[in-house]
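# Overview (structure and organization)
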Amino acid sequence: FDDTYGMPVRAEDRGDDAVTGDETCALTDYARNTGAWLVATKWRVRKFVVDCARAQGTGLTDDDITGDERTSYDNQAPGVAPTKGEVTRTEVLKAYNAGNPTYLTTSTSAYDGYGRVTDATDVRGNHTITAYTPATGGPLTQTVVTSPLGWVTTTTLEPAWGSVLATVDSNGRR
């Protein structure tokens, strides 16, 4: 745990003490904006099949890495402290390449001025678009979600409570 915020930064499992080679380690890095009180924003989680001392050192091989996930906030590069905390890109390790990792983008998101997702893209580049009524101001009365296949789902909301009044799927069924 880190000394300032008490957040986990390292998790180690030494496995069976009588057996070598069954150790695992997870290292978590945070991108913090203390001025905006954004202190729990993980930007990188790395997983290894070695102990943490070796994972934090040098000389790792492709076989030592089991995962590396990166999160970008507010349309910034990975590791840059967020300004609003909106997740705009997630990536996973594609190849370690002897210490020169490459990543695969698994999702991207765009937001409106209220922090609502308006465009979500999956690993294949397919877009799911969400429109809100009203687009500005409020209270919210309707969402229209268009899938990558062009299927539209309309949800009408009770503005006072935010509860669903009706949902109409792409076939016009309620």
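Source: prediction; values computed, not measured. (Residues numbered from 1 in each chain as written. Predicted model: local features only at pLDDT ≥ 70, side-chain atom pairs only at ≥ 80, totals over all residues. Heavy atoms only, no water.)

### Notes on the environment of glutamate 12
- Topologically, glutamate 12 is positioned in strand 1 (residues 10–13).
- According to the relative accessible area criterion, glutamate 12 is partly exposed, its value standing at 29%.
- When sequence neighbours within four positions are dropped, the list of residues in contact with glutamate 12 reads Thr24, Cys25, Asp51 and Cys52.
- A distance of 2.9 Å separates the side chain of glutamate 12 from the backbone nitrogen of cysteine 52, its partner in a polar contact. (Helix = DSSP H or I, 4+ residues; strand = E, 2+ residues; numbered from the N terminus. Buried < 20%, exposed > 50% of the residue type's maximum accessible area, 1.4 Å probe, protein only. Contact = heavy atoms within 4.5 Å. Polar contact = N/O pair within 3.5 Å; in protein donor to acceptor, adjacent residues only side chain to side chain.)

### Some points on the pairing of strand 7 (residues 117–121)
- In this sheet, strand 7 lies alongside strand 6 (residues 102–111) in antiparallel orientation, the contact comprising 4 bridges. Bridging across to strand 7, serine 109 finds its partner in alanine 120.
- The loop that links strand 6 with its antiparallel partner strand 7 comprises 5 residues; one of these, glycine 115, has a positive phi angle of about 80 degrees.
- Two strands pair when backbone bridges link them, and strand 7 and strand 8 (residues 127–133) are joined in this way by 3 bridges, in the antiparallel orientation. Bridging across to strand 8, alanine 120 finds its partner in threonine 128.
- Here strand 7 hands over to strand 8 after 5 residues, with glycine 125 in that stretch at a positive phi of 90 degrees. (Pairing = 2+ DSSP bridges.)

### Remarks on the packing of aromatic side chains
- Under the defined criterion, the tally for this structure stands at 0 aromatic pairs.
- Positioned above the aromatic ring of tyrosine 103, the side-chain terminus of arginine 70 is 3.7 Å from the ring centre.
- Above the plane of the ring of tyrosine 132 lies arginine 116, whose end atom (NZ or CZ) is 4.2 Å from the centre. (Phe/Tyr/Trp six-rings, centres within 6.5 Å; stacked < 30°, edge-to-face > 60°. Lys NZ or Arg CZ within 6 Å of the ring centre and 35° of its normal.)

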